[in-house]
Amino acid sequence: ACKRHPNVETMLRCTRCGDPICPECMRPAPVGYQCPDCARGNRQEIHRPAQNVTVAAGRGFTLTNIILLILVAMYGLEVAMAGTGALVGGPSVNVLVNLGASVGYACTRSGDLIGIGAGEPWRLFTAIFLHASLIHIAMNGYALWAFGNIVEQELGKTRFLVIFFVGGLFASVASFTFGSPTIPGVGASGAIFAVFG
C-alpha cells in the first residue's frame, strides 16, 4: 500500500527510497518515478550549469573577460596605428605584420627578412590577439564570451588557460605549416575552437 494513501494498493516503488507509491503520488524523475519527499529533495540537488554561468559572467573579472579586454585593446591599437578609417575594415597587412601576425616570411621596406621562418617564433603566439576586421573580432569575441565562461567555470581557470593558449598555439602552427608562407594569419579562432572542444 502507498505510504501516503494506505487504502490504495500498488506495485510501484520510489526509485530513490524504495517506499511504495500510488499513481497519485508518483513524480517523474530522470530515471523512473519518485515519492513526493524524494522528488522535493532531488530538485535541490540538480546541477544547472546555465544558471551558474550567468552568475559567473556577472561576477566581475573572469579570465574570459580579461582575454576579451585584451583582444579589444589590441584591436584598438591596430586601428590607432592604421587610422580611424580602419575601424570596420581592419588595418592593413603591414600593420598586422608589424604587430606580430603569423607570417612565414615577409620583407620589410629596408629589405630585411622577418617572420617565423626568419627566427621569430613568437609570432605564433602574438597572432592569437590580432584580428583583421571589426566583424572578425566581433564574431570571435562573442563566441569566446558565450562559451569561455562555461568552460572556465566547469574546468577551472588553469585548465581554461591551458586549453585556450595551447589550442591557439597549435592553430597558429597549423596555419604556418599548411598555409601560404607569405600571407599573414591572425585571430583567436583556433583558441576558441579548442575551448569548444
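Above this text you will find the structure in question.
Description of the structure in this document.

The rules behind the values
Residues numbered from 1 in each chain as written. Predicted model: local features only at pLDDT ≥ 70, side-chain atom pairs only at ≥ 80, totals over all residues. Heavy atoms only, no water. Helix = DSSP H or I, 4+ residues; strand = E, 2+ residues; numbered from the N terminus. Rg over C-alpha atoms; globule rule 2.2 N^0.38 Å. Areas by Shrake-Rupley, 256 points an atom, 1.4 Å probe, with all protein chains shown as cover. Lys, Arg positive; Asp, Glu negative; His and termini not counted. Charge placed at Lys NZ, Arg CZ, Asp CG, Glu CD. 1 Å grid on protein atoms, 1.4 Å probe; cavity = no way out; pocket = protein on both sides within 12 Å on 5 of 7 lines; lining within 4 Å. Points joined across faces, edges and corners; volume = space filled by probe spheres on them. Nonpolar A, V, L, I, M, F, W, Y, C, P; charged D, E, K, R; others polar. Salt bridge = Lys/Arg side-chain N within 4 Å of Asp/Glu carboxyl O. Buried < 20%, exposed > 50% of the residue type's maximum accessible area, 1.4 Å probe, protein only. Polar contact = N/O pair within 3.5 Å; in protein donor to acceptor, adjacent residues only side chain to side chain. Disulfide = S-S within 2.5 Å. Core = buried A, V, L, I, M, F, W, Y, C linked by side-chain atoms within 4.5 Å.

A word on the overall build of the protein
Phase 1 of the analysis: Along the protein, the regular secondary structure elements total 9 helices and 4 strands.
Phase 2 of the analysis: Reading the secondary structure of the protein in the N-to-C direction produces β-β-α-α-α-α-α-β-β-α-α-α-α.
Phase 3 of the analysis: Against the 2.2 N^0.38 benchmark of 16 Å for 197 residues, the protein shows a C-alpha radius of gyration of 27 Å, more extended than a compact globule.
Phase 4 of the analysis: If one aligns the C-alpha atoms of the protein with their principal axes, the spans along those axes are about 95 × 35 × 25 Å.
Phase 5 of the analysis: Per element, the accessible surface of the protein, about 11500 Å² overall, is 64% carbon and sulfur.
Phase 6 of the analysis: Seen as two clouds, the 13 positive and the 10 negative side-chain charges of the protein have centres 6 Å apart.

Examining the layout of surface pockets
Phase 1 of the analysis: For the largest pocket, the calculated volume is near 220 Å³.
Phase 2 of the analysis: What lines the largest pocket is simply Val93, Asn94, Val97, Asn98, Val103, Ala106, Cys107, Thr108, Arg109, Ile114, Thr182 and Pro184.
Phase 3 of the analysis: Elements represented by at least two residues in the lining of the largest pocket include exactly helix H5 (93-99) and strand E3 (106-107).
Phase 4 of the analysis: When residues in the lining of the largest pocket are grouped by element, the largest group, 4 residues, is from H5.
Phase 5 of the analysis: Per-class residue counts for the lining of the largest pocket are 7 nonpolar, 4 polar and 1 charged.

Thoughts on the pattern of salt bridges
Side chains that differ in sign of charge can pair as their charged atoms come close.
Phase 1 of the analysis: Tallying each qualifying case throughout the model produces 6 salt bridges.
Phase 2 of the analysis: With a shortest N-O distance of 2.9 Å, Arg4 and Asp37 are connected by a salt bridge. Here Arg4, found in the segment before strand E1 (27-28), pairs with Asp37, found in helix H1 (residues 36-45); they are 33 residues apart in sequence, far enough to count as distant.
Phase 3 of the analysis: By relative accessible area, Arg4 is classed as partly exposed at 40%.
Phase 4 of the analysis: Between Asp37 and Arg40 there is a salt bridge whose closest N-O contact spans 2.7 Å. Of the two residues, Asp37 and Arg40 are both situated in helix H1; the distance of 3 residues between them amounts to about one turn of the helix.
Phase 5 of the analysis: A relative accessible area of 36% means that Asp37 is categorised as partly exposed.
Phase 6 of the analysis: Taken together, the shared-partner salt bridges in this structure form one network comprising Lys3, Arg4, Asp19, Asp37 and Arg40.

Some words on the environment of Ala73
Phase 1 of the analysis: Within the fold, Ala73 resides in helix H3 (residues 63-82).
Phase 2 of the analysis: Note: C-alpha distance between Ala73 and Phe129 (56 residues apart in sequence) is 9.3 Å.

Observations regarding the side chain of Gln34
Phase 1 of the analysis: Structurally, the position occupied by Gln34 is in strand E2 (residues 33-34).
Phase 2 of the analysis: Using a relative accessible area of 7% as the deciding quantity, one classes Gln34 as buried.
Phase 3 of the analysis: Within polar-contact distance, the side chain of Gln34 engages the backbone nitrogen of Ala39 at 3.5 Å.

Section: the state of the cysteines
Phase 1 of the analysis: Taken as a whole and judged by the stated rule, the model has 0 disulfides.
Phase 2 of the analysis: Cys14 carries a free sulfur, and the closest cysteine sulfur to it, the one in Cys17, is 3.7 Å from it.
Phase 3 of the analysis: Of the residues examined, Cys17 reaches a relative accessible area of 38% and is grouped as partly exposed.

Examining the nonpolar core
In globular proteins that are soluble, nonpolar side chains generally tend to be buried together.
Phase 1 of the analysis: The biggest cluster of nonpolar side chains holds 18 residues, and the ones touching the most others in it are Ile67, Leu71, Ile128, Leu144, Phe160, Phe164 and Ala188.
Phase 2 of the analysis: Secondary structure elements with two or more residues in this core: H3, helix H7 (134-155), helix H8 (157-178) and helix H9 (189-196).
Phase 3 of the analysis: With 6 residues, H3 is the single largest residue contributor to this core.
Phase 4 of the analysis: In this structure, Cys2, Cys14, Ile21 and Cys22 belong to the second largest nonpolar core, which totals 7 residues.

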